[in-house]
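Coordinates in review
This is what each chain is made of:
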Amino acid sequence: SEEDAHSDTQIITSMLNGSGYDWRVRPPGINLSMPGNHGPVVVDVNMLLRSISKIDDVNMEYSVQLTFREEWIDARLAFGVEGAPDYDRLPDFVILPAGEQIWMPDTFFMNEKTAQRHTIDKPNVMIRVHKNGTILYSVRISLTLSCPMHLQDYPMDMQRCNIEMGSYAYTTDDIMYVWKRDSEMPVQLKAGLAKSLPSFQLVWFNTSDCSSKTTTGTYSCLKATLELKRQFSYYLLQLYIPSTMLVIVSWVSFWLDRSAVPARVTLGVTTLLTMTTQASGINAKLPPVSYTKAIDIWIGACLMFIFGALLEFAFVTYISSRNFYRSSRVDAKATLVVPDMNEQPLIISNNHVDARMNEVWIRQQGMDGPVYILANRRQNTCDTVKSFLKRLVIYKWLRSKFGVSDKAKRADLLSRLAFPTLFFLFNIAYWVKYYEAEKVRTVGYYVNEEGTGAPVSKM
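Not measured: the values here are computed from a predicted model.

A short note on helix H7 (residues 407-434)
Its 28 residues place the ends of H7 39 Å apart at the C-alpha level, agreeing with the 40 Å of an ideal helix rising 1.5 Å per residue. Taken together, the buried positions of H7 are Ala 408, Ala 411, Asp 412, Leu 413, Ser 415, Phe 419, Phe 423, Phe 426, Asn 427, Tyr 430 and Tyr 434.

Quick look at the structure:
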């Protein structure tokens, strides 16, 4: 009504102009037992997180939009005295225009890189003065904040990013910041915020004090800590599954004939180059850090398995070529005579037999040239163990699979079993080390299924 509007106008005019109010001087504290200014001004802080976006791993920063609220008491602006006859007829509060100058805390965000206030359609600022002198200041701001990240467990990591605020000029003798005491949660989340992030999920947050002492005095500071868990599904589909498939494809060369040189070389080189390109794409999205990340170990292992398959083909080709040239040479100077194993072995003195050898070739002069005769020694304990192992079923199965005389073929057969087994064991060790189960918290606030926070004690 017109009377109420006239009343608000009179209140604002009398507060700012008629009472000798000086906005350049901080208000007195509320501790009347302290002489002088009655202690520091106590500023209650709370905030509403509206959005979190652009979490940048390279620059180690993130962007947040929030409604920031501060509340303090300035008795000089009280326009009602409790118990007065007209106290109940006065409005509970009046709202000052954004341009009105009153004393406000010189709050700044310590880890801020860039910031802006929103002015569309009007400046998003509210200054509410209650009749008992309590002032509520609320503003919507967008911040880009520094967030030092630890990427040892990337991409299965959890990052803690802070929002730090404090007074720039006033020490603790003049201003004390506290989280809003009559609020169950001094940091509120907009509904659904926790699950709206593109690559992270907000799982936990906490509030604490971070007051610091410098050469110019002790300054009050508050800190809100946000714990962000990286979404793993993207990396599973874009990195881990494709790289695993590349490793498995590189094993196909073990089933190709060793004479198919173009096919095996093309397969090995192609998978190696593809894996290298994929590794370069991943590292381009990360800062150059001095420590080893989990993704580096995975990519390095995959490259090692693919490169190992290529080296195995080179080894098979070398062995095959050497066997071919050896078989083509005929040694006319030597004739190998092997006696029937059922016959009595040749007995020779110990001077001619090495004690470490189970069988010895003895050179004797024959009628047509040198003759080599195989002499058997009596079995020792090692021979007994070998003969026992040869009777085992598993030994017979392995010998039937891998007991081929061609060393090149045997290398391919062994690689078919060794490479998948080693890669499987590597996966077990890798996921056991880097997979981190959900931590149990005793303080702070969990983010529930609705995307809003709830104290740990109530979860």
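There is more to say after this.
A word on the state of the cysteines
Per the counting criterion, the structure on display carries 2 disulfides. Covalently, Cys 147 is tied to Cys 161 through a disulfide, its sulfur atoms 2.0 Å apart. Residues Cys 147 and Cys 161 are joined through a disulfide that is left-handed, its torsion about the S-S bond being -75°. With Cys 147 in the loop between strand S7 (134-146) and strand S8 (158-167) and Cys 161 in strand S8, the pair connects residues that are 14 residues apart, well separated along the chain. Comparing Cys 147 with Cys 161 shows no difference in burial state: the two are buried. Across the disulfide, Cys 210 is cross-linked to Cys 221 (sulfur-sulfur distance 1.8 Å).

Some words on the UniProt feature "transmembrane region" (unreviewed entry) in the chain
Per the UniProt annotation, the sites labelled "transmembrane region" (unreviewed entry) are residues 232-256, 297-319 and 413-432. A distance of 36 Å separates the end C-alpha atoms of residues 232-256, which is 72% helix and 0% strand. Each end of residues 413-432 is marked by a C-alpha atom, and these two atoms are 30 Å apart; helix forms 100% of the span and strand 0%.

Section: helix H2 (residues 233-250)
Its 18 residues give H2 an end-to-end C-alpha distance of 25 Å, which sits within 8% of 26 Å, the value for a rise of 1.5 Å per residue. The largest bend along H2 measures about 25° and falls at Tyr 240, with the proline Pro 242 one to four residues further on. Along H2, the positions that sit buried rather than exposed are Tyr 235, Leu 239, Tyr 240, Ser 243, Leu 246, Val 247 and Ser 250.

Quick notes on the nonpolar core
Formed by 87 residues in total, the largest nonpolar core has its most connected members in Met 15, Leu 49, Tyr 62 and Ile 163. Element by element, the count of residues in this core is highest for helix H4 (residues 294-328), at 10 residues.

How each quantity is defined
Residues numbered from 1 in each chain as written. Predicted model: local features only at pLDDT ≥ 70, side-chain atom pairs only at ≥ 80, totals over all residues. Heavy atoms only, no water. Helix = DSSP H or I, 4+ residues; strand = E, 2+ residues; numbered from the N terminus. Expected span 1.5 Å × (residues − 1). Buried < 20%, exposed > 50% of the residue type's maximum accessible area, 1.4 Å probe, protein only. Disulfide = S-S within 2.5 Å. UniProt positions renumbered as here; feature names shortened; annotations may be inferred. Bend = angle between axes of the 7 residues up to and from the residue. Core = buried A, V, L, I, M, F, W, Y, C linked by side-chain atoms within 4.5 Å.

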